[in-house]
Amino acid sequence: MTETGLIVLSDQVALSELREAKEVLTHRGMADRLTELLGMPVTATMRMLPDVAENAVHGAIDKALRTALDVAVKTLGDENADKGGAPRLLSHKWMAGLTGAAGGAFGLASVAAELPVSTLLILRSVADIARSQGEDLSELQTRVACLEVFALGAANEPRNVDDNTEIGYFAVRAGLAKHTADAAKYMAKSGSVDATAPPLVRLITEIGKRFGVVVSEKVAAQAIPVVGAVGGALINTYFIDHYQELARAHFTVRRLERAHGAATIRAAYESL
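Residues numbered from 1 in each chain as written. Predicted model: local features only at pLDDT ≥ 70, side-chain atom pairs only at ≥ 80, totals over all residues. Heavy atoms only, no water.

### Let's talk about the packing of helix α2 (residues 12-25) against helix α13 (residues 262-271)
At a minimum axis distance of 10 Å, the contact between α2 and α13 shows a crossing angle of 65°. It follows that α2 is roughly perpendicular to α13 by the angle criterion. Crossing of α2 against α13: the hand is right-handed. Side by side, α2 and α13 meet where L18, K22 and L25 of the first sit next to I265, A268, Y269 and E270 of the second. For the contact of α2 with α13, the residue count by class is five nonpolar, no polar and two charged. (Axes fitted to C-alpha atoms, helices over the stretch in contact; angles between N-to-C directions. Helix = DSSP H or I, 4+ residues; strand = E, 2+ residues; numbered from the N terminus. Parallel < 35°, antiparallel > 145°, perpendicular 65-115°, else oblique. Left-handed = near helix turned anticlockwise from the far one by under 90°. Contact = heavy atoms within 4.5 Å. Nonpolar A, V, L, I, M, F, W, Y, C, P; charged D, E, K, R; others polar.)

### Re the nonpolar core
Counting 68 residues, the largest nonpolar core has L123, C146, F150, F239 and Y243 as the members making the most contacts within it. In this structure, Y243 is in contact with I122, V149, F150, G153, F211 and V214, ignoring residues within four places of it in sequence. (Core = buried A, V, L, I, M, F, W, Y, C linked by side-chain atoms within 4.5 Å. Buried < 20%, exposed > 50% of the residue type's maximum accessible area, 1.4 Å probe, protein only.)

### Some details on the confidence of the model for the chain
With 72% of its residues at a pLDDT of 70 or more, the chain shows a mean pLDDT of 77. Note on residues 80-86: pLDDT is under 50 here. Beyond four places in sequence and across chains, it has 14 contacts. (pLDDT = per-residue confidence, 0-100.)

### Observations concerning the environment of V253
Here V253 shows up in helix α12 (residues 228-260). The exposure class of V253 is buried, given its relative accessible area of 0%. The sequence separation of V253 and A21 amounts to 232 residues, and the corresponding C-alpha distance is 7.0 Å. The contacts of V253, once residues within four sequence positions are left out, are L18, A21, L25, Y169, F170, R173 and I265.

### What about helix α3 (residues 30-38)?
Each turn of an α-helix holds 3.6 residues, which means side chains three or four residues apart point in the same direction. All buried positions along α3 are accounted for by M30, A31, R33 and L34. The arc enclosing the buried residues of α3, seen along the axis, measures out at 160°, which places them on a common side. Residue G39 follows α3 closely and has a positive phi angle near 75°. (Arc of directions from axis to C-beta.)

### Focus: α13
Within the span of α13, buried status applies to I265, A268, Y269 and S271. Looking straight down α13, one finds its buried side chains confined to an arc of 170°; they lie on one side. Opposite the buried face of α13, at more than 90 degrees from it, the exposed residues are A263 and E270.

Written as structure tokens, this is what we have:
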């Protein structure tokens, strides 16, 4: 760490937490993990997917994020739904594995049905993690902000992002901040979740650009003939674990920002 980093954040516990968070937020992507799991490059399989599969994936992503937005706004602040102690990560992984088993058994035909379910399981897990890190889920903007985690999964995948788009963690957050705020403001004022409203369309589109990278990698892995139901379950477990790790890191950074100031934490993060 540079001297500047030591000056702006002298709390050694906070520094350790920030270092661990950064390692997660800048670590290898989902494609690398799946390649190790399957013993073959997932990126090669992606190039072999037919156009109809790509269209199905895009449609499923849009539906999944619209459903997630609706659930985030309407139920994530429900104390009965989210009350508890530690995040229920294992139960979410178990349910995601069952969902992935169906996807592995039925292949691409199941994407439209399976992805929204997996996405909602991830969202619930993200909300649990957010709550455990001191986030107030009764606030509409916090609930909408839980969706930001879906945009973090492809932070190290520049090949699928426009050349003019920055991909660093804070760049992704900055790019989504206005969309998140606009969406929350619109819904607070209108009292509804109209997915066709411009602020919500823009939010879903921006998140979908990055979420789509990881989903395409997952679908490509599940499309491999030898994967089957067992492999599909394992892939989906990896899928939710990927976002659980990102959520834990993301909300750790946000907690540290509340304690030490956003500028201080960003300076320390960049100096690590």
